[in-house]
Amino acid sequence: MKLWLDGGLQDVDSARVSVFDHGLTVGDGIFETVKAVDGTPFALTRHLDRLSRSARGLGLPEPDLDEVRRACAAVLAANPMPLGRLRITYTGGHGPLGSDRGTHGPTLVVAVGPTTRRPDSTAAITVPWTRNERGALTGLKTTSYAENVVALARAQEQGASEALFGNTVGQLCEGTGSNVFVVLDGQIHTPPLASGCLAGITRALAVEWTGAKEADLPLDVLGRADEVFLTSTLRDVQAVHRLDGRDLPGVTGPVTAKAMRIFDERAGDDLDP
């Protein structure tokens, strides 16, 4: 396996990032996960736009998107696989052992690993912790992911693949690595970005392609929704068949099934929508 580091391809066994890298010491970094189908990244332009937005929000130097594109192409060419998880990581670089940044410049790592198509439906839970819709990192895809690690571990302990958060005012927000959609009386709804959720790439496409409406939703809407589904880069559109022990229609839900079908068709027609 080869990855991109320090401006070129390196063997995964010999590639090294400094132990003083700010991404390691204080989580000062951003990232994107991109689905790659037969060596072609899906929605790469949208992912790179978000990478730039996250960099600006974190106060990192603007990433060289031409280099990132070259890195993605080189890594995918060097590691052929039918379905891959392409990871772009961009950090504050070598820095002091504290929150202030150094002057060495950022670190860019691009790597890929094999993955498989997700199941059509899954189980999810809600967790007691909240997203802060007014936080400094709200809406940024940063490497500060420990909160998600803890919540996802809770979900897995309960036989689920995702944990869903409310925000500080009791509204439905998002999952650890997904956006959430609910069906009420045949209409698809999803929390607005003001709820504190990440501006998911798949979320945006699902809203555009299915006509889903953004709306402030109380967290308890999950207990009365007719159908629930999740979206993310590697989930695409995935039905939820159980939520906090409550059975849901899953893939037999007509609205969710239609959304899944529309997404597959539209994504298959254009790999960079």
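Above this text sits the structure in question.
Residues numbered from 1 in each chain as written. Predicted model: local features only at pLDDT ≥ 70, side-chain atom pairs only at ≥ 80, totals over all residues. Heavy atoms only, no water.

> Help me understand unusual backbone geometry, please; the structure alone is not making it clear to me.
Located in the positive-phi region is Asp38, a residue other than glycine, with phi close to 50°. Tracing the sequence through the fold places Asp38 in the loop between β3 (29-37) and β4 (40-41). Judged by its relative accessible area of 61%, Asp38 falls in the exposed class. (Helix = DSSP H or I, 4+ residues; strand = E, 2+ residues; numbered from the N terminus. Buried < 20%, exposed > 50% of the residue type's maximum accessible area, 1.4 Å probe, protein only.)

> Even after reading the chapter, I still don't get the pattern of salt bridges, so can you show me in this structure?
Once their charged atoms are close, side chains differing in charge can pair, the charge on each being opposite to the other. For the structure shown, the criterion picks out 13 salt bridges. The residue Glu147 makes a salt bridge to Arg131 at a minimum N-O spacing of 2.6 Å. Taken as a pair, Glu147 in helix α4 (residues 146-157) and Arg131 in strand β7 (residues 121-131) lie far apart in primary sequence, 16 residues in all. Accessibility expressed as a relative area gives 42% for Glu147, which makes it partly exposed. Note on Arg131: relative accessible area 9%, which makes it buried. Note that Arg203 is salt-bridged to Glu214, the shortest N-O span being 2.6 Å. Residue Arg203 is located in helix α5 (residues 201-210), and its partner Glu214 is located in strand β12 (residues 213-214); the two are separated by 11 residues in the primary sequence. You can call Glu214 partly exposed: its relative accessible area is 44%. Through salt bridges with shared partners, a single ionic network connects Arg117, Arg118, Asp120 and Asp264. (Salt bridge = Lys/Arg side-chain N within 4 Å of Asp/Glu carboxyl O.)

> Explain the sheet that holds strand β1 (residues 2-5) here, please?
In any sheet, the strands associate via hydrogen bonds between backbone groups, in a parallel or an antiparallel arrangement. Pairing is antiparallel across the open sheet formed by 6 strands, whose spatial order is β2-β1-β6-β5-β3-β4. Here the strands that pair on one side only, and so sit at the sheet edges, are β2 (8-11) and β4. Sheet topology note: the β1/β2 ladder contains 4 bridges and is antiparallel. What sits directly across from Leu5, in β2, is Gly8. Running at roughly 175° to β3, helix α2 (residues 44-58) makes contact with β3, β4 and β5 (83-91) of the sheet. (Pairing = 2+ DSSP bridges. Contact = heavy atoms within 4.5 Å. Axes fitted to C-alpha atoms, helices over the stretch in contact; angles between N-to-C directions.)

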